[in-house]
Amino acid sequence: MTQDELKQAVAHAALDYVVEGEIVGVGTGSTANFFIDALAAIKDRIRGAVASSEATAARLRSHGIAVFDLNDIDTMPVYVDGADEITAQGAMIKGGGAALTREKIVASVAERFVCIADGSKLVTRLGAFPLPIEVIPMGHAVVARRLAALGGTPRLRMKDGAPLITDNGCMIIDLFGLQIAEPALLEQQINDIVGVVTNGLFARHGANVCLLGTAEGVRTLTF
């Protein structure tokens, strides 16, 4: 199976976790896009969705799925999103699509986080994928120096020759070269740096379920 076929398989499997008549939180990225496309087939069975990015909101609306403002939602049964890396304990690196802050906020409101990923995303230790950190633009150089002191190599993420700007008007620093032995501790340490909005470690509040696409079928991990 191709990587896209694995992503499609876990996206369809995630429909089993969608609660009829309720709102579903939806992440950002290529795997989340497959989930949105699958969700369109059952859109009449849900109230709508909360999107973790403008791109996700646009894709949901293109399928005729109502998009709710998170400020109008107290809770939701499930949040479905991909991961750039995930461990067997449910800790993740996310943010390859630059939506980490909104993803973390929407996930915090959901009762259950269902991660959907192809098998290549399962790792024994986080860090091979560079860790995204969303930062306030005026402080990106200051933050980069603090991040370098943690042992990694910070690089400002660029797009079309200029710094990438997130939906929140912020910048992304990618931290390369880490071997993350204690993800929850590092998540807190980085968030404590002045100028950091949040970072792409989802460890203090990680996934509850991971649907992992493999050549043998969808493997379910629970944490």
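About the criteria used
Residues numbered from 1 in each chain as written. Predicted model: local features only at pLDDT ≥ 70, side-chain atom pairs only at ≥ 80, totals over all residues. Heavy atoms only, no water. Helix = DSSP H or I, 4+ residues; strand = E, 2+ residues; numbered from the N terminus. Rg over C-alpha atoms; globule rule 2.2 N^0.38 Å. Buried < 20%, exposed > 50% of the residue type's maximum accessible area, 1.4 Å probe, protein only. Pairing = 2+ DSSP bridges. Arc of directions from axis to C-beta. Contact = heavy atoms within 4.5 Å. Salt bridge = Lys/Arg side-chain N within 4 Å of Asp/Glu carboxyl O.

## Digging into the overall build of the chain
Then step 1. When its secondary structure is counted, the chain shows six helices and 15 strands.
Then step 2. For 223 residues, the compact-globule formula gives about 17 Å, and the C-alpha radius of gyration of the chain, at 17 Å, lands near that figure.
Then step 3. Considered along the principal axes of its C-alpha atoms, the chain spans approximately 50 × 35 × 35 Å.
Then step 4. Expressed as a percentage of its 223 residues, the buried residues of the chain come to 51%.

## Focus on the environment of H12
Then step 1. Tracing the backbone through its elements, the reader meets H12 in helix α1 (residues 3-13).
Then step 2. In this structure H12 comes out as partly exposed when scored by relative accessible area, which is 49%.
Then step 3. In the structure, H12 is positioned 13 residues away from G25 in sequence and 15 Å away in space, judged by C-alpha atoms.

## As for the sheet that holds strand β4 (residues 85-86)
Then step 1. One open sheet holds the three strands; their spatial order is β4-β5-β13, and the pairing between them is antiparallel. On the outer flanks of this sheet lie β4 and β13 (201-202), each paired with one strand and no other.
Then step 2. Bridge count for β4 against strand β5 (residues 92-93) is two bridges, and the pairing is antiparallel. In the sheet register, I86 faces β5, and the bridge partner there is M92.

## A few points about helix α6 (residues 183-191)
Then step 1. Taken as a whole, α6 has its buried residues at P183, L186, E187 and I190. One side of α6 holds all its buried residues, which, seen down the axis, span an arc of 105°.
Then step 2. Structurally, α6 contributes buried residues whose contacts are with α4 (100-109), β7 (131-135), α5 (140-148), β12 (196-199) and β13.

## Comments concerning the pattern of salt bridges
Then step 1. Enumeration over the complete set of coordinates arrives at seven salt bridges.
Then step 2. Residue R102 is joined to E54 by a salt bridge in which the shortest nitrogen-to-oxygen separation is 3.1 Å. On the criterion of sequence distance, the pair formed by R102 in helix α4 and E54 in helix α3 (residues 54-62) is long-range, its members being 48 residues apart.
Then step 3. Taking the relative accessible area as the measure of exposure, R102 reaches 24% and is therefore partly exposed.

## Some points on the side chain of T87
Then step 1. Looking at where T87 falls in the secondary structure, it is placed in the loop between β4 and β5.
Then step 2. Once residues within four sequence positions are removed from consideration, T87 is found in contact with L122, V123, T124, L126 and F223.

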